[in-house]
Amino acid sequence: MSHETTTNRSLLSGKPLRILIGFILVVNGMFPALWILFTSLKTEAELTAKPITWLPHAPTLANYLRAFTDQPLLLFLFNSFMVAILSTALTLFISVLAAYALARLQIRGRDLILSAIIAVSTFPLVTLLVPLFEIMRALGLLNTWIALILPYTVLSLPVCTLILVSFFEGIPRDLENSAMIDGCTRLGALFKVVVPLAAPGVFTAGILAFVNSWDEFLLALSFNSNPMLRTLPVGITLYQGEFAFPWPVISAALVVGIVPVAVLIVIFQERVVSGLTSGGIKG
Amino acid sequence: MATASETTLVTAHNESATKWWTRFLDPSERTLALLLLLPTALLLSLIIVYPVCRLVWTSFQNLSLTSGAPATFAGLENYALMLEDPVFWETTWNTVLITLITVPGALLVGMALALMANLPFKRKWPVRLSLLIPWALPLAFAGLIFAWFFHSEYGVVNDVLRRLGFEGVIWFNSAKWAFAAICLTIIWKTSSFMALIILAGLQTIPRSLYEAAEVDGAGRLRQFFEITLPLLKPSIVVALIFRTITALQTFDIPFTMTRGGPGTSTATLAMYIHQNTVDFLDLGYGSALAVVMFALSMGVTAVYLRMIRAKG
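Residues numbered from 1 in each chain as written. Chains lettered and ligands numbered in written order. Predicted model: local features only at pLDDT ≥ 70, side-chain atom pairs only at ≥ 80, totals over all residues.

1. Some words on the overall build of chain B
Line of reasoning, step 1. On a plain count of helices and strands, chain B comes out with 14 helices and two strands.
Line of reasoning, step 2. Taken against the 2.2 N^0.38 rule, which gives 20 Å for 312 residues, the C-alpha radius of gyration of chain B at 27 Å runs more than 25% over that of a compact globule.
Line of reasoning, step 3. In chain B, which comprises 312 residues, the share counted as buried stands at 40%.
Line of reasoning, step 4. Residue pairs at least 24 apart in sequence account for 69% of intrachain contacts in chain B once pairs closer than 6 positions are excluded. (Helix = DSSP H or I, 4+ residues; strand = E, 2+ residues; numbered from the N terminus. Rg over C-alpha atoms; globule rule 2.2 N^0.38 Å. Buried ≥ 20, exposed ≤ 12 C-beta atoms within 10 Å, placed from the backbone. Contact = placed C-beta atoms within 7 Å.)

2. Regarding the overall build of chain A
Line of reasoning, step 1. When helices and strands are tallied, chain A shows 14 helices and zero strands.
Line of reasoning, step 2. Listing every helix and strand of chain A by position from the N terminus yields α-α-α-α-α-α-α-α-α-α-α-α-α-α.
Line of reasoning, step 3. In terms of overall dimensions, chain A has C-alpha extents of about 75 × 65 × 35 Å along its principal axes.
Line of reasoning, step 4. Expressed as a percentage of its 283 residues, the buried residues of chain A come to 44%.

3. Details of the domain arrangement of chain B
Line of reasoning, step 1. The domains assigned to chain B are domain 1 (6-48) and domain 2 (82-311).
Line of reasoning, step 2. Each of domain 1 of chain B and domain 2 of chain B was reduced to a C-alpha centroid, and the two centroids are 46 Å apart. (Domains from an automatic or database assignment.)

4. A few points about the packing of helix H3 (residues 62-70) of chain A against helix H13 (residues 247-267) of chain A
Residues and elements named next belong to chain A.
Line of reasoning, step 1. Contact geometry for H3 and H13: axes closest at 8 Å, N-to-C directions at 85 degrees. Classified by the interaxial angle, the pair formed by H3 and H13 is roughly perpendicular. Across the interface between the two elements, Asn 63, Tyr 64, Arg 66, Ala 67 and Asp 70 of H3 pack against Pro 248, Val 249, Ser 251, Ala 252, Ala 253 and Val 256 of H13.
Line of reasoning, step 2. Split into classes, the residues belonging to the contact of H3 with H13 amount to seven nonpolar, two polar and two charged. (Axes fitted to C-alpha atoms, helices over the stretch in contact; angles between N-to-C directions. Parallel < 35°, antiparallel > 145°, perpendicular 65-115°, else oblique. Nonpolar A, V, L, I, M, F, W, Y, C, P; charged D, E, K, R; others polar.)

5. Here's the deal with helix H1 (residues 15-40) of chain A
Line of reasoning, step 1. An ideal rise of 1.5 Å per residue puts 38 Å on 26 residues; H1 of chain A measures up with 36 Å between its terminal C-alpha atoms.
Line of reasoning, step 2. Those residues of H1 of chain A that are buried are in contact with H3 and H13 of chain A together with helix H5 (86-117), helix H6 (125-136), helix H7 (139-149) and helix H9 (175-202) of chain B. (Expected span 1.5 Å × (residues − 1).)

6. Observations concerning the nonpolar core
Residues and elements named next belong to chain A.
Line of reasoning, step 1. Within the largest apolar cluster, 156 residues are counted, with the highest numbers of intra-cluster contacts made by Tyr 100, Leu 164 and Leu 254.
Line of reasoning, step 2. Looking at which element gives the most residues to this core, the answer is helix H7 (residues 146-169), with 16 residues.
Line of reasoning, step 3. Filtering out sequence-adjacent residues up to four positions away, Leu 164 remains in contact with Ser 95, Val 96, Ala 99, Ala 198, Gly 201, Val 202 and Ala 205. (Core = buried A, V, L, I, M, F, W, Y, C linked by C-beta atoms within 7 Å.)

7. A few points about the interface of chain B and chain A
Line of reasoning, step 1. If you look at the interface, chain B gives 81 residues, while chain A gives 83 residues.
Line of reasoning, step 2. With 16 residues, the single largest contributor to the side of chain B that touches chain A is helix H3 (residues 29-59) of chain B.
Line of reasoning, step 3. Counted by class, the side of chain B that touches chain A contains 57 nonpolar, 14 polar and 10 charged residues.

8. Looking at unusual backbone geometry
What is expected of a backbone is that most residues other than glycine have negative phi and most peptide bonds are trans.
Line of reasoning, step 1. Backbone torsion omega between Gly 261 of chain B and Pro 262 of chain B reads -5 degrees, so that peptide bond is classified as cis.
Line of reasoning, step 2. Positionally, Pro 262 of chain B belongs in the loop between helix H12 (252-257) and helix H13 (269-279).
Line of reasoning, step 3. You will see that Asn 143 of chain A, though not glycine, has its phi angle at about 60 degrees, which is positive.
Line of reasoning, step 4. We note that Leu 281 of chain B has phi near 55 degrees; this positive angle belongs to a residue other than glycine.
Line of reasoning, step 5. In this fold, Leu 281 of chain B is placed in the loop between H13 and helix H14 (283-311).
Line of reasoning, step 6. Taking the number of C-beta atoms within 10 Å as the measure of exposure, Leu 281 of chain B has 15 and is therefore partly exposed.

9. Considerations on the domain arrangement of chain A
All names here are of chain A.
Line of reasoning, step 1. The domain architecture assigned to chain A consists of domain 1 (2-64) and domain 2 (67-279).
Line of reasoning, step 2. Look at where the C-alpha atoms of domain 1 and domain 2 centre, and you get two points 31 Å apart.
Line of reasoning, step 3. Taken together, the 10 residues of domain 1 in the interface contact 10 residues of domain 2.
Line of reasoning, step 4. Within the residue set of the side of domain 1 that touches domain 2, elements represented by two or more residues are H1, helix H2 (44-47) and H3.
Line of reasoning, step 5. Per-class residue counts for the side of domain 1 that touches domain 2 are five nonpolar, three polar and two charged.

10. Examining the environment of Ala 239 of chain B
Line of reasoning, step 1. Examined against the element boundaries, Ala 239 of chain B turns out to sit in helix H11 (residues 220-248).
Line of reasoning, step 2. Ala 239 of chain B sits 45 residues away from Gly 284 of chain B along the chain, and the two C-alpha atoms are 34 Å apart.

Following this line, the structure appears as structure tokens:
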């Protein structure tokens, strides 16, 4: 251990201090989610007790029941899930094709095309609220999943293309060539040889696209006013009435909403970090 | 096929090339590249390029869906209206202020988190997860969670303040405190992404540089400013560009925490665009506001790019 710590010798290499710093990091990252979990398990009476309690004294699941019955939480989850999955699939399909062209084929202006695709990612989607609203309205797509799937695909397209280009470039051409000699078309070789070999990259890109879609709020709020088509982040704001804030119920709904992505993050943490830092673009 | 000699392969290829459908299946490289890039081009045209043109056009129109009247050309009317609209100035100022506070804030906190996370921990996953969870949490969730944190009666922030012997603050009744709560929330939410980017940069710096500096007698602080910071610059600049542009679009957190209140004191430009478009259905005015935001973010990108070029 000691020879590894060259960058952090002396003061900071002390073990107790390291444990303290680790604790600070974990509290900073986890405390808000934990606090919401505690709140969701409290009764209304305990919640309004003074001074406030930290850990729930008499844990109850009643708030979870209310979270599912006060609002169609399952439907919100379903909408969010379907929109995220479909936009992720579309993003991956489109960016696999584009990334293959950019990584493998001889095209003039390759760098220009790539930077044009990336430039789009810095484009504030909020400013397109009006025209997108008009387009979706004209196409009769307001209050459909498609109204969200199309813009969400654009949201993740640059990151995914960037990740996939770098993965495709790392795959030896010989494998593809031998597949084509065996009678595969170029596209066949792409989907039968290149994509399976680049599976980690495809997967990383997919997770980022999924989280991007799962998190989006403004377009979901603006395009789908029908309560039955609300996605989770928007649906959760519906629990608060004009004056009433049923915090334990909101907390329970939040916990339900956090769990799917948290599971994804816990399982694939290393991949997510590598994807984010290789070309990740998100606020 | 695999046993066929090379010559028969070539002739077979030439024969098949004459049939249109095989040409479609195995087209020349250039055509194939164009075909593969076509879906990207179509999607970007529909969702970005055409809307941008339409946005600029609509901003010169009188177009309100509530009146049902067809669009009429309005010239610069929407822009003139904007200049006299106090809410426009207020929300724009709030947006700029949020950007000026939360971008450097997230950078500083993110840097601190990254330096801490770079220590040689035995188990890496708790630290990694602690940086990933805030990133993955939807902004709207973060807004709701922190609205509960800052609750004047039962919030954990006021509880800690009271335990430390201070008065609790009624966060959401005053513009100043509400604004502070929003900025703190944004900094918490966005600093972990900064930290991940900076951490990745830190891990590429070779140890030998620090060892050499050590031999030369440079202190830790000097090492930080003369080795760490300059080498981190590229990753920091990229993170800053994206953070600044997303800060200019701030919507979710103030919307879920305060709905812009009290009054419009914590409303952002994005919230005002949303209100004019979706609530008032005044598409002309909403477009003019969006053009201003577009100009703001283009300006920011230009400034950053110039900074990179000037120093690079």
